[in-house]
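# Report on the structure
Chain by chain, the residues run as shown.
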Amino acid sequence: MARTGSATQLPRVKGPRRSVLGGLARTSGDNAAPTPPEDDRPRLRLVVTRGRLAVELESPFLLGPLLVTELVVGLPDVRFPVDLSGGVTAFRNRRGELERLLVALPIATERWARAELAGLLDERVPEVLLAPTEYGWLIGVRGERSALAFEVLVACDHDAIELVPVCARGVGLSAPPQAYALRALLSLCRPYGTQVGAAVVLRGAGRAISRALLPLSGMRAPATTGLRWSPPSIGAEGMKIAASVEGVPSAASARVTSGVELARLVAAAELELVHGRTYEARREYLAALERAPRHPEIVRRICELDRAVGGRSATALDLLSELGPAIDEGALGAELLLGSGEFDAARVAFERAAEAEPFGALAAAEYARAAELLGTSPAAVRALDEAIARAPGWEDLRWRRFELRLARGDEHGARADVEHLEAGARGADARHLVLRRAGAALLAARCLSAAAEIFERALRYLPDSVDAVFGLARTLADLGQGRRALELFARAVRLAERHQSKSHSVQIELAKALAVVADDRPAAIAHVRGVPGFVPEAIEARACEGRWRAELGDFAGASEAYARMLPEVERMLPALVEVRDPGELDGGLVWDATGPYGSRRDAASAIATWLEQAARFEADERGDHFASKAMYALALRLVPTRRSVLEGFRKAASLTAPPPQPRSESRSDPTAKPVSERGSKPASELESDPGAESDPGAEPTSKPGSVSEPPMRLMPIIELPSFSPSDDDGDDERLVDELSERLRGNPSDADVVRRLAAALDRLGRDHELLALVSARLEEDPGASANELIAMRQTVLTRLRDIARAEGRSGEAELYELMLVRD
């Protein structure tokens, strides 16, 4: 579409380039329009009216999406008497004048509109509505997960037709609905429609229609001087609009006049909007609002712009409230209320908008948004019932209800949804995909009998589907039918090899079946060893190999398999750990929840379990506590609150820690007296003890920050208000044993916890202190949560600094990660 005058072109919608006249106009590179078959040509006839000869259309003719029901071309230069025996052919070279034209836009044009609007909301547009109204059209477009609706007001000005989109609204859109409405209207009217401000104008439409239709019958295109369009009307054929040279200008309705004036007011803003310049568009909208105070349509467009930009919900909600309660402002008000945290009001607003919405797909989308705010309650199911009733063919809504019913344990209702989805799918491949997806969901929900039935039905459509055979095998294995499952696992592996498709998960499941059902661990190990590295399934494969080798007594081979598992975990760690560094609290790489381990949380839990299994093996069977600590450290990064991992790491760290050193000043002065001797002296004598002074010229025995000197303890973790006599006698080892015994008898005694924490702090038993505080936080934080978190952060900071000073960078990084999570 060329750029003409002040008109602006929007980005072209994907799809074939067709004109509004069905592609009959010339395109670049064509010398002439193709000649249609005889049956596809319009039938013309000669008529004589009021002493004048004319050519008119004998029967309605479909020209692209338009149905031309009447066309009259006068021949003013023909004088009587004249020979009419030659029919229309005798006058085909005469240039006539177009006197009357009547066209209709029938309902059947929706299929054509779907092709024109492909790519507007999604790659595929399953549904388009073109419904005539009193003032123009109601246009609705549904994508895969979004919907748009707007009205088009039709204004006629001599030989031009002005189309004004108003009342644009939508759900699931990434830009203001008005921008989508303009883009859709331009796509439907190309190549003859041009954007002029906030409207799409068709200039010379009568000339374009006659030039496309008459040459098909060999007639010369007529002149269209003086042709004037009249306001549209609704007839049996749909929306009809007429043009004639004798037409008298008729007054437009108040609604159309108001829409045209609105288009003039926001013309500059709409030009900025379609080019994506949101700041300039908002500025122009505000200027228009200043000229037309409290104009409801301008206010809504400003609010839609703020909603699309994001972060302006409060401002937009305040502006929208000038029109009335936001709860009555449709999907726009609901989205702004939701952005402001008013969830209940947003849900009610979505429901009210859906009840008043004439476009069924948009109403369904609004009901679905209300269902999202209701969680898994029965009201959410009812909202999805309403949505499906308004848009029965929307597959995504049925899938949502299917998943919600499964989450609520309604297996019967979920299977009913599967039957509808299967019936609505077209072709064997599509039905197979529906059943395979449903079977996987039923298996995950532990509806095993239903899952087996669904997978068997899926195999009716594609008997050699690897995924369906694999899913059925897993289901039967869970049902206890191990031998049949083993056969199906083996078949799935053979099918995958035949189709040259990835079969890592299938190989692992076959290996598990061999180990459990056939008790053939060597064959199972052979299968998991076939899983290569650098794939997500490699972690589970190495874990299974290590476990089975250990069960066979091959401890060296098991340790080597676990060692090969560690780099695979480290490669996946950036995507598994939700927080990657202190400055990226909402970070983490994008995780593919459709992978072999499911969601990020499920994957982290499973991999941590395998790491814990490997760590216990290294500690118990091989006595390698350093390897055990490394594996526990990785597991702790994935599940920092799992008690078994915390205890295992604490134990491994204590067994691999260097021998404890005295915590007095004797660390920096080897000649200092023992604490017991110095403790018997008064404080003044200690301060003046010449043995504690160093020679000014002598070199210091140790440097601050060296490996032999851990960081100084700057302050105790907690300040206890008072101590019991037993806390003051200096025998902290005995006190720890006594308080630990009391804590086992009453784990909820907060005073014992605080005293025990203080004693562990004085003794420097930081790992035990960390385990104590972490366990209390996990079990029953209660009112002391802030105090416990402060204890945990202090001891983590000290452990991190000590690890850094002693060169244990991996351990220090672990403590840093735990600090960030806190």
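Refer to the preceding data block for the structure.
To start, this report covers the structure provided alongside it. Values in this document were obtained by computation on a predicted structure and should not be read as measured data.

## Comments concerning a positive patch on the surface
Among the surface-exposed residues, R95, R207, R211 and R220 lie close enough to one another that they form a single positively charged patch. Mapped onto the fold, R211 is located in helix α3 (residues 205–213). Given a relative accessible area of 48%, R211 falls into the partly exposed group.

## Here's the deal with the packing of aromatic side chains
Inspection of every chain in the model, using the stated rule, returns five aromatic pairs. A centroid spacing of 5.6 Å and a plane angle of 85 degrees characterise the contact between W399 and F402, whose relative ring orientation is edge-to-face. With W399 and F402 both in helix α13 (residues 395–407) and three residues apart, this pair spans about one turn of that helix. One aromatic cluster is present, built from ring pairs that chain together F555, Y562 and F617. Geometry around W399 places R437 over its ring, the cationic atom sitting 3.9 Å from the centre. Sitting over the ring of F534, R571 keeps its end group 3.8 Å from the ring centre.

## Focus on the pairing of strand β6 (residues 127–132)
Across six bridges, the pairing between β6 and strand β7 (residues 136–142) is antiparallel. Bridge pairing in β7 links E127 to R142. Between β6 and β7, which follow one another and run antiparallel, lie three residues.

## Some words on the pairing of strand β2 (residues 52–57)
The element β2 is largely enclosed, with a buried count of five among its six residues. Looking at chain direction, strand β1 (residues 44–49) and β2 are connected through six bridges and run antiparallel. Following the sheet pairing, L44 is matched in β2 by L57.

## Things to note about a nonpolar patch on the surface
Together, V48, F80 and L84 give the surface a local cluster of nonpolar side chains, amounting to about 250 Å² of exposed area. Relative to the assigned elements, F80 resides in the loop between β4 (66–74) and β5 (97–105). Residue F80 is classed as partly exposed on the basis of its relative accessible area, which comes to 40%.

## Observations concerning the packing of helix α16 (residues 448–461) against helix α17 (residues 466–478)
In the contact formed by α16 and α17, the axes pass within 9 Å of each other and the chain directions differ by 155 degrees. Relative to α17, the element α16 lies roughly antiparallel. Here α16 and α17 pass one another in a crossing that is left-handed. Facing L448, A451, A452, F455, E456, A458 and L459 of α16, the residues of α17 in contact are A468, V469, G471, L472, T475 and D478. Considered class by class, the residues forming the contact of α16 with α17 number nine nonpolar, two polar and two charged.

Quick notes on the rules
- Residues numbered from 1 in each chain as written.
- Predicted model: local features only at pLDDT ≥ 70, side-chain atom pairs only at ≥ 80, totals over all residues.
- Heavy atoms only, no water.
- Patch = residues over 30% accessible without salt bridge, like charges linked within 9 Å, V, L, I, M, F, W, Y side chains within 5 Å.
- Areas by Shrake-Rupley, 256 points an atom, 1.4 Å probe, with all protein chains shown as cover.
- Salt bridge = Lys/Arg side-chain N within 4 Å of Asp/Glu carboxyl O.
- Lys, Arg positive; Asp, Glu negative; His and termini not counted.
- Charge placed at Lys NZ, Arg CZ, Asp CG, Glu CD.
- Helix = DSSP H or I, 4+ residues; strand = E, 2+ residues; numbered from the N terminus.
- Buried < 20%, exposed > 50% of the residue type's maximum accessible area, 1.4 Å probe, protein only.
- Phe/Tyr/Trp six-rings, centres within 6.5 Å; stacked < 30°, edge-to-face > 60°.
- Lys NZ or Arg CZ within 6 Å of the ring centre and 35° of its normal.
- Pairing = 2+ DSSP bridges.
- Axes fitted to C-alpha atoms, helices over the stretch in contact; angles between N-to-C directions.
- Parallel < 35°, antiparallel > 145°, perpendicular 65-115°, else oblique.
- Left-handed = near helix turned anticlockwise from the far one by under 90°.
- Contact = heavy atoms within 4.5 Å.
- Nonpolar A, V, L, I, M, F, W, Y, C, P; charged D, E, K, R; others polar.

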